[in-house]
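Chain by chain, the residues run as shown.
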Amino acid sequence: MDYIKAKKTLLFIDSGQTYEELCQILDDEYAIKITKDMPEAEAILHDHKTEIHALLIHADQQEDIRRAVAFVKESRRLISVPILIYAGEETPVENFACLGGSVIDCITRPYMSHVVKNRLANAIAFTDSMTFYRMETALKQLPSNIFLKDNECRYIFATKYWHHLNKSDDPSWTIRGKIDPEVRKDKENAIAAHKKDLEIVETGRGATYTIEINEDGIQEFFQIIKQPLFNEEGFVTGIIGLINNVTEYELLKKKLREQAITDELTGLYNRAYLNEFIKTHKDDCYPLAIISADCDGLKEVNDTYGHAAGDDYIKTTVILLQMVLPKERILFRMGGDEFLILLPATTKETALDFVKQMKENEKLFHIHEKQLSVSFGVSVMESRAENFHMRVTDSDRNMYLEKRKGRG
């Protein structure tokens with residue numbers, strides 16, 4: 001991409017013709033506007049469509065200089081405008097008494113091109129730096145942390161020093177000049193952040209991501225937004241970033257996510273999560289043992305003792321499953337009194353052994369006078385090439401065969 005450097009605009013206040021020599025020196029690098037007095041200049045300065053980068057006033061126009069100084073001091077504009085005065089050889093010394101404060105410099109004859117341009121550029125840069133610090137002070141009022149880094153990924157400033165920084169108690173401590181691994185307590189996130197910064201500087205592409213920090217028993221989430229800064233030639237000169245504390249949002253999102261995939265009564269996964277597992281599981285889970293389970297006699301418990309007892313019967317079944325099955329198990333309540341158990345990297349023989357253990361242990365549990373009884377069926381999915389739903393159908397069929405045997 002070709003970048004065209006936009007000219008900065010200078011506003012001259014001159015009721016005579018003395019500005020013409022300066023204009024000839026400056027018009028190759030600056031856009032120039034001419035007014036005869038400060039009231040006319042104020043109209044231009046109040047025009048938000050025109051950005052004035054410097055105000056140049058002839059030293060003989062003392063009233064206009066005083067009005068310009070008052071305007072800059074009283075103006076509610078966030079961005080200041082530097083005032084420079086210029087003069088000829090015959091200008092009285094007292095006309096330079098205004099120097100200092102808002103009047104930054106004085107340009108006198110002979111007007112040498114490189115000197116004039118350097119002094120003007122320095123005046124604009126000085127005012128820009130003052131505006132920068134005013135802006136930094138204003139940004140500190142926001143709840144977010146806004147930061148700026150150079151193209152070596154070193155901080156130039158940050159509006160907040162949060163407790164995640166490994167900083168000195170010295171009140172003069174500053175983040176300026178430091179990279180993330182030097183100041184952050186969470187080294188893993190700090191190294192990742194620094195790598196991301198280097199990538200942004202190299203590619204010129206921004207990034208948005210969320211990190212989790214667990215410190216002193218407190219879980220927090222932060223959204224990080226980073227964008228590269230470019231100069232007129234298109235080179236990355238730094239990174240501007242925004243850090244938002246999104247803990248409340250992330251915890252709510254996590255809670256809603258859990259509610260969406262979790263059975264309310266038992267705390268097991270539901271059908272929605274089963275559908276996710278089918279789409280996202282990895283090949284290292286094969287052979288995948290599938291166990292279908294169904295509570296025996298739940299209707300009897302409901303009719304005899306009430307639905308609260310029936311709920312206890314279901315929850316007691318979950319206790320049995322969790323007691324016997326290994327921690328790698330994935331448990332689903334499919335609805336009513338039906339459960340599905342997935343055992344990654346488990347053979348059919350091992351799965352049948354777990355079923356045997358569960359049948360032996362179910363006699364330990366009773367709801368009122370009813371002993372817990374659960375029917376099981378097993379199948380195994382050897383690879384992704386097999387149809388998951390067909391294997392579940394097989395385990396269901398085997399489970400119902402066992403249920404009928406129990407009734408016989």
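Please refer to the structure placed before this passage.
Residues numbered from 1 in each chain as written. Predicted model: local features only at pLDDT ≥ 70, side-chain atom pairs only at ≥ 80, totals over all residues. Heavy atoms only, no water.

1. Section: the nonpolar core
Item 1. Grouped together as the largest cluster of nonpolar side chains are 30 residues, with contacts concentrated most on I291, L321, L325, F339, M358 and F376.
Item 2. Broken down by secondary-structure element, the contributors of at least two residues to this core are β11 (288-295), α9 (298-305), α10 (307-324), β13 (338-343), α11 (348-361) and β16 (374-381).
Item 3. The greatest single-element share of this core, amounting to seven residues, is contributed by α10. (Core = buried A, V, L, I, M, F, W, Y, C linked by side-chain atoms within 4.5 Å. Buried < 20%, exposed > 50% of the residue type's maximum accessible area, 1.4 Å probe, protein only. Helix = DSSP H or I, 4+ residues; strand = E, 2+ residues; numbered from the N terminus.)

2. Details of the packing of α10 against α11
Item 1. At a minimum axis separation of 10 Å, α10 and α11 run at an interaxial angle of 130°. With respect to α11, the element α10 is oriented oblique. As for the relative orientation of α10 and α11, their crossing is right-handed in sense. Across the interface between the two elements, L320, L321, M323 and V324 of α10 pack against F354, Q357, M358 and N361 of α11.
Item 2. Across the contact of α10 with α11, the residue classes break down as six nonpolar, two polar and no charged. (Axes fitted to C-alpha atoms, helices over the stretch in contact; angles between N-to-C directions. Parallel < 35°, antiparallel > 145°, perpendicular 65-115°, else oblique. Left-handed = near helix turned anticlockwise from the far one by under 90°. Contact = heavy atoms within 4.5 Å. Nonpolar A, V, L, I, M, F, W, Y, C, P; charged D, E, K, R; others polar.)

3. Details of the sheet that holds strand β9 (residues 218-230)
Item 1. Strand order across the open sheet formed by five strands is β7-β6-β10-β9-β8, with antiparallel pairing between neighbours. Both edges of this open sheet fall to β7 (155-158) and β8 (207-215), since each of them pairs with a single strand only. If you compare each strand with its neighbour and ignore which way they point, the axes differ by 20° on average.
Item 2. Where β8 lies against β9, nine bridges are found, and the strand directions are antiparallel. (Pairing = 2+ DSSP bridges.)

4. So, the pairing of strand β1 (residues 8-13)
Item 1. Most of β1 is tucked away: five of the six residues are buried.
Item 2. When β1 meets strand β2 (residues 30-35), the two strands line up parallel, connected through six bridges. Paired with K8 across the two strands is Y30, which belongs to β2.
Item 3. Sheet topology note: the β1/strand β3 (residues 54-58) ladder contains four bridges and is parallel.

5. So, the pattern of salt bridges
Item 1. Taken as a whole, this structure holds 28 salt bridges when the rule is applied.
Item 2. Across the pair R184 and D180 runs a salt bridge, and its minimum N-O distance is 3.5 Å. Each of the two residues, R184 as well as D180, counts as buried.
Item 3. Across the salt bridge formed by R384 and D283, the nearest N and O atoms sit 2.8 Å from each other. Linking R384 in the loop between β16 and α12 (388-407) with D283 in the loop between α8 (271-280) and β11, this pair joins segments that are 101 residues apart in sequence.
Item 4. Owing to a relative accessible area of 40%, R384 belongs among the partly exposed residues under this scheme. (Salt bridge = Lys/Arg side-chain N within 4 Å of Asp/Glu carboxyl O.)

6. Looking at the side chain of D14
Item 1. Looking at the secondary structure, you find D14 in the loop between β1 and α1 (19-26).
Item 2. A distance of 2.5 Å separates a polar atom in the side chain of D14 from a polar atom in the side chain of Y86.
Item 3. Ignoring sequence-local partners within four residues, the contact set of D14 consists of Y19, T35, K36, H58, Q61 and Y86. (Polar contact = N/O pair within 3.5 Å; in protein donor to acceptor, adjacent residues only side chain to side chain.)

7. Re the environment of Y30
Item 1. Along the chain, Y30 falls in strand β2.
Item 2. In sequence terms Y30 and Q219 are 189 residues apart; their C-alpha atoms lie 53 Å from each other.

8. Comments concerning the packing of helix α2 (residues 38-45) against helix α3 (residues 62-74)
Two quantities define a packed helix pair, namely the angle between the axes and the distance from one axis to the other.
Item 1. Remark: α2 packs on α3, axes separated minimally by 10 Å, with the N-to-C direction vectors making an angle of 30°. The orientation of α2 relative to α3 falls into the category roughly parallel. Our pair here, α2 against α3, has a crossing hand that is right-handed. Within the contact between the two elements, α2 uses M38, P39, E42 and L45 and α3 uses D64, R67, A68 and F71.
Item 2. When grouped by side-chain class, the residues that make up the contact of α2 with α3 number five nonpolar, no polar and three charged.

9. With respect to α2
Item 1. Listing the buried residues of α2 in full gives M38, A41, E42, I44 and L45. An end-on view of α2 places all buried positions within 160° of arc, on one side of the element.
Item 2. Tucked into the core, α2 has its buried residues touching β1, β2, β3 and α3.
Item 3. Of the residues that open α2, the one with a side-chain oxygen 3.0 Å from the backbone nitrogen of E40 is D37. (Arc of directions from axis to C-beta.)

10. Quick look at the sheet that holds strand β5 (residues 103-108)
Item 1. Read from one edge to the other, the open sheet built from five strands follows the order β2-β1-β3-β4-β5, with strand pairing classed as parallel. Whereas interior strands pair on both sides, the edge strands pair on one side only; in this sheet they are β2 and β5. Going from strand to strand, the sheet's axes swing by 25° on average, the running direction of each strand aside.
Item 2. When β3 meets strand β4 (residues 83-87), the two strands line up parallel, connected through four bridges. Among the inter-strand pairings, L56 is bridged to a residue of β4, identified as L84.

11. Focus: the environment of C23
Item 1. Structurally, the position occupied by C23 is in helix α1.
Item 2. On the accessibility criterion, C23 (12% relative accessible area) is buried.
Item 3. The residues contacting C23, other than those within four sequence positions of it, are F12, I32 and I34.

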